[in-house]
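# A look at the structure
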Amino acid sequence: MLRGVGQRRVTADGVDPRVAELRAAVSRLRRELAGHRREFADRGIAEDELAALDAMAAGGAPEVWRLRRSLLLIAGAVGSVSALADGLAAVRGAVELFGPPPAGGRTPEPPPVPGPRAGA
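Each value, and the rule that gives it
- Residues numbered from 1 in each chain as written.
- Predicted model: local features only at pLDDT ≥ 70, side-chain atom pairs only at ≥ 80, totals over all residues.
- Heavy atoms only, no water.
- Helix = DSSP H or I, 4+ residues; strand = E, 2+ residues; numbered from the N terminus.
- Buried < 20%, exposed > 50% of the residue type's maximum accessible area, 1.4 Å probe, protein only.
- Areas by Shrake-Rupley, 256 points an atom, 1.4 Å probe, with all protein chains shown as cover.
- Salt bridge = Lys/Arg side-chain N within 4 Å of Asp/Glu carboxyl O.
- Core = buried A, V, L, I, M, F, W, Y, C linked by side-chain atoms within 4.5 Å.
- Contact = heavy atoms within 4.5 Å.
- Expected span 1.5 Å × (residues − 1).
- Arc of directions from axis to C-beta.
- Axes fitted to C-alpha atoms, helices over the stretch in contact; angles between N-to-C directions.
- Parallel < 35°, antiparallel > 145°, perpendicular 65-115°, else oblique.
- Left-handed = near helix turned anticlockwise from the far one by under 90°.
- Nonpolar A, V, L, I, M, F, W, Y, C, P; charged D, E, K, R; others polar.

## What about the overall build of the chain?
- Helix and strand content of the chain: four helices and zero strands.
- Its helices and strands in sequence order give the chain the pattern α-α-α-α, from N to C terminus.
- By residue count, 29% of the 120 residues in the chain fall in the buried class.
- Surface exposure of the chain reaches about 8,200 Å², of which carbon and sulfur atoms provide 54%.

## Notes on the pattern of salt bridges
- Scanning the model with the defined rule gives eight salt bridges in all.
- One salt bridge in this structure joins Arg-23 and Asp-54, with 3.0 Å as the shortest N-O distance. With Arg-23 in helix H1 (residues 17–35) and Asp-54 in helix H2 (residues 43–58), this residue pair connects regions lying 31 residues apart in the sequence.
- The partner of Arg-28 in a salt bridge is Glu-32, with the nearest N and O atoms 2.9 Å apart. Note that Arg-28 and Glu-32 are positioned in helix H1 at a spacing of four residues, about one turn of the helix.
- Here Arg-28 falls in the partly exposed class, since its relative accessible area comes to 30%.

## Quick word on the nonpolar core
- Counting 24 residues, the largest nonpolar core has Leu-22, Val-78 and Val-91 as the members making the most contacts within it.
- The biggest single contributor to this core is H1, with six residues.
- If sequence neighbours within four positions are ignored, Val-78 has contacts with Leu-33, Phe-40, Ala-46, Leu-84 and Leu-88.

## Focus: H1
- Given a rise of 1.5 Å per residue, 19 residues ought to cover 27 Å, and the 27 Å separating the end C-alpha atoms of H1 matches this to within 8%.
- All of the buried residues in H1 are Arg-18, Val-19, Leu-22, Ala-25, Val-26, Leu-29 and Leu-33. Taken around the axis of H1, the buried residues stretch over an arc of 130 degrees, which confines them to a single face. Projecting away from the buried face of H1 at angles above 90 degrees are the exposed residues Arg-31, Ala-34 and Gly-35.
- On the buried face of H1, the contacting elements are H2, helix H3 (64–78) and helix H4 (85–96).

## Details of H4
- Here H4 contains twelve residues, and its C-alpha end-to-end distance of 16 Å stays within 8% of the 16 Å for a straight helix at 1.5 Å per residue.
- Of the positions making up H4, those classed as buried are Gly-87, Leu-88, Val-91, Ala-94 and Val-95. For H4, the buried positions fall inside an angular range of 120 degrees around the axis, keeping them on one side.

## Considering the side chain of Asp-54
- Assessed through its relative accessible area of 18%, Asp-54 is described here as buried.
- Aside from chain neighbours lying at most four places away, what touches Asp-54 is Arg-23, Val-26 and Arg-30.

## Some details on the packing of H1 against H2
- For the pair H1 and H2, interaxial distance at closest approach is 9 Å and the crossing angle is 155 degrees. Regarding the angle of H1 to H2, the classification is roughly antiparallel. The handedness of the crossing between H1 and H2 comes out as left-handed. Residues Val-19, Leu-22, Arg-23, Val-26, Leu-29, Arg-30, Leu-33 and Ala-34 of H1 form the contact with H2, whose participating residues are Arg-43, Ala-46, Glu-47, Leu-50, Ala-51, Leu-53, Asp-54, Ala-57 and Ala-58.
- For the contact of H1 with H2, the per-class residue count stands at twelve nonpolar, no polar and five charged.

Spelled out as structure tokens, the structure:
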């Protein structure tokens, strides 16, 4: 079957397979993190960002810059915990399904947040 430019594959139940892969990888890392008995300083950050990734994926078509930002925060939080390396790699692979890193290795800045309107 031919697809037009910009169209994505979907599974039989209408789910983008990239989203399904991301949700599965996030779920795996969340389970591994929950089962990791040792405490570390940035565990809360990792848990919060994994929840954010899951929420973005559940919403359908997440913005790539947000996915990459969350991935960086998670990697920074759990990067030194070798027991979580495989789960983290799976999340990274799932994020990369949404597009390659930008040229030059930098994530573009998010769009600016508009300031308050005059008279508001």
